[in-house]
Amino acid sequence: MTERKKPVVAITRRLPQPIEQRMGELFDVSLNAGDVPMTQPELVAAMRRVDVLVPTVTDRIDRSMIAQAGNQLKLIANFGNGVDNIDVEAAHARGIFVTNTPNVLNEDTADMTMALILAVPRRLVEGGSRLISGERWAGWSPTWMLGRRLTGKKLGIVGMGRIGTAVARRAKAFGLEIHYHNRHRVSPKTEAELGATYWDSLDQMLARMDIVSVNCPSTPATYHLLSARRLALMPAQAFIVNIARGEIIDQQALVKLIEEGRIAGAGLDVFEGEPAIDRRLMKLAEEHRVVLLPHMGSATIEARIDMGEKVIINIRTLMDGHRPPDRILPGQG
């Protein structure tokens, strides 16, 4: 019997060693040994020769690139929870499957969201930096490094999906009141478990919250969902945390409001136009008015391995003639 040919797979960034090893055993794999984001021509060249492309959030796969893909390209298996970096509609029109890696990042991302919810009001980064700045610490003082208590504060969650719900469970344990805005109301059971209040109007919720956590996906409908107008509704003592996608917040408007003291501060793990970070935002971080992290919300060894295993399952399922379990259709994500 003739041995079946292995699918040709291109991986655009370095993945955890166990995942690369397993892919090397199962597929005819080309790796990105330098771990530098591939250029658009390099991505197009890969799409012309491989059966499967495994991109990440750093790779923009747009309509013009998909139009140049070879007929042999059957699958774009995104190594990530979202697919906002891929033109799913264009891929679907070409008969190319698109998959993602859902439901393996929820807990890790919620942990990091909760870490920012703690870090910003309690000034954790600022306090720690004072000890290593070279400035002598004079010792404990009743009025030094005062932050804000969490217990009893209102947390407004924008996007009550799996990650938003996981954030709510953590926040409830810290004594925060849970409020949320979502496309669809969660089940009465979940609302009762969390003591959560649903707001049909995002505007009305924002105007009443002490902390706002952005946990919705990035779609055309959520681009600048937190616009300049909506951000201006927030109370001056409120904080905002974003660990979803930078484009959901009008970043320039947020910077201006923090500079003017009309929002107390922010904790951001994602940015518009990343990896470039706005100079004014960096200045606010130096002044300890915002906490910035380098897109590390899901950065655990366990999460990355789980993501890789999902990619492998999607590739093997499609190559075995079946529909991959994490297929994304136009309008999803």
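The following refers to the structure shown. Bear in mind that the values here come from a model prediction, so they are computed numbers and not experimental data.

1. Points about the sheet that holds strand 6 (residues 154-158)
With parallel pairing, the seven strands of this open sheet are ordered in space as 8-7-6-9-10-11-12. Each edge of the open sheet carries a strand with a single partner, namely strand 8 (197-198) and strand 12 (290-292). With four bridges connecting them, strand 9 (residues 211-214) and strand 10 (residues 239-242) associate as parallel partners. Bridge pairing in strand 10 places V214 opposite N242. Along the sheet, helix 7 (residues 162-173) contacts strand 6, strand 7 (177-181) and strand 9; its crossing angle with strand 6, the most-contacted strand, is approximately 170 degrees. Relative to the sheet, helix 11 (residues 251-259) contacts strand 10, strand 11 (265-268) and strand 12, its axis offset from that of strand 11 by approximately 140 degrees.

2. Looking at the packing of aromatic side chains
Applying the stated criterion across every chain, the model contains one aromatic pair. On the basis of an interplanar angle of 50 degrees and a centroid distance of 5.2 Å, the ring pair of Y180 and Y198 is categorised as tilted. With a gap of 18 residues between them, Y180 in strand 7 and Y198 in strand 8 connect regions that are remote in the sequence. Both residues of the pair, Y180 and Y198, belong to the buried class.

3. Observations concerning the side chain of N85
Within the element layout of this structure, N85 appears in the loop between strand 4 (75-77) and helix 4 (88-93). The buried category is assigned to N85, whose relative accessible area is 3%. At a separation of 3.0 Å, a polar atom in the side chain of N85 contacts the main-chain carbonyl oxygen of D59. Separated by 3.3 Å, the side chains of N85 and N78 make a polar contact. Discounting chain neighbours no more than four positions away, the residues touching N85 are T56, V57, D59, R60, I61 and N78.

4. A word on helix 11
Every buried residue of helix 11 is listed here: Q251, A253, L254, V255, L257 and I258. Along its buried surface, helix 11 packs onto helix 10 (228-231), strand 10, strand 11, helix 12 (279-286) and strand 12.

5. Regarding the packing of helix 1 (residues 17-26) against helix 13 (residues 301-319)
In contact at an axis separation of 9 Å, helix 1 and helix 13 are set at 15 degrees when each is read in the N-to-C sense. As summarised for this structure, helix 1 and helix 13 are arranged roughly parallel, according to the angle between their axes. Pair helix 1 / helix 13 crosses with right-handed handedness. Where helix 1 abuts helix 13, its residues P18, I19, R22, M23 and L26 lie against R304, I305, G308, E309, V311, I312 and R316. Of the residues that constitute the contact of helix 1 with helix 13, the class distribution is seven nonpolar, one polar and four charged.

6. A few points about the sheet that holds strand 1 (residues 8-11)
Strands sit in the order 2-1-3-4-5 across an open sheet of five strands; the sheet is parallel. Each of the sheet's edge strands pairs with one partner strand only, and the pair in question is strand 2 (28-30) and strand 5 (97-99). Direction aside, the axes of adjacent strands within the sheet are offset by 15 degrees on average. Relative to strand 4, strand 3 (residues 52-54) is paired through two bridges, and the arrangement is parallel. Residue L53 lies in a different strand from strand 4, and its bridge partner there is I76. Where helix 13 meets the sheet, its contacts fall on strand 1, strand 3, strand 4 and strand 5, and the angle it forms with strand 4 comes to roughly 165 degrees.

7. Observations regarding the environment of R22
Here R22 shows up in helix 1. Given the relative accessible area of 36%, R22 is considered partly exposed. In this structure, the C-alpha to C-alpha distance between R22 and I312, residues 290 residues apart in sequence, is 8.5 Å. Those residues in contact with R22 that lie beyond four places of it in its chain are I312 and R316. There is a polar contact of 3.1 Å between the side chain of R22 and the side chain of E25.

Thresholds, definitions, all that
Here the residue numbering is sequential within each chain, running from 1 through the sequence in written order. Where totals are concerned, whole chains, interfaces and linings use all residues; where local detail is concerned, this predicted model gives features only for residues with pLDDT of at least 70, and gives and counts side-chain atom pairs only at 80 or more. Computation of side-chain values covers all heavy atoms of the structure but excludes hydrogens and water. At least two DSSP bridges between two strands are needed for those strands to be called paired. Only DSSP runs of H or I reaching four residues or more are called helices, and only runs of E reaching two or more are called strands; each is numbered from the N terminus. Whether two residues are in contact is decided by their heavy atoms: any pair within 4.5 Å suffices. The angle between two axes is taken between their N-to-C directions and runs from 0 to 180 degrees, where each axis is a line fitted to C-alpha atoms and a helix contributes only its stretch in contact. Classification of ring pairs rests on two measures: the distance between centres of Phe, Tyr or Trp rings, Trp counted by its six-membered ring, which must be within 6.5 Å, and the angle between planes, read as stacked under 30 degrees, edge-to-face over 60 and tilted in between. To sort residues, take the accessible area from a 1.4 Å probe on protein chains only and compare it with the maximum for the residue type: under 20% means buried, over 50% means exposed, and anything in between is partly exposed. Pairs of N or O atoms within 3.5 Å make up the polar contacts considered here, provided that, within protein, one atom can donate a hydrogen while the other can accept it, and that residues adjacent in sequence are counted only when both atoms are side-chain atoms. For this classification, under 35 degrees means roughly parallel, over 145 means roughly antiparallel, 65 to 115 means roughly perpendicular, and everything else is oblique. Handedness of a crossing follows from how the near helix is turned relative to the far one, being left-handed for an anticlockwise turn of less than a right angle and right-handed for a clockwise one. Side-chain classes follow a simple rule in which Ala, Val, Leu, Ile, Met, Phe, Trp, Tyr, Cys and Pro form the nonpolar group, Asp, Glu, Lys and Arg form the charged group, and the remainder, Gly included, forms the polar group.

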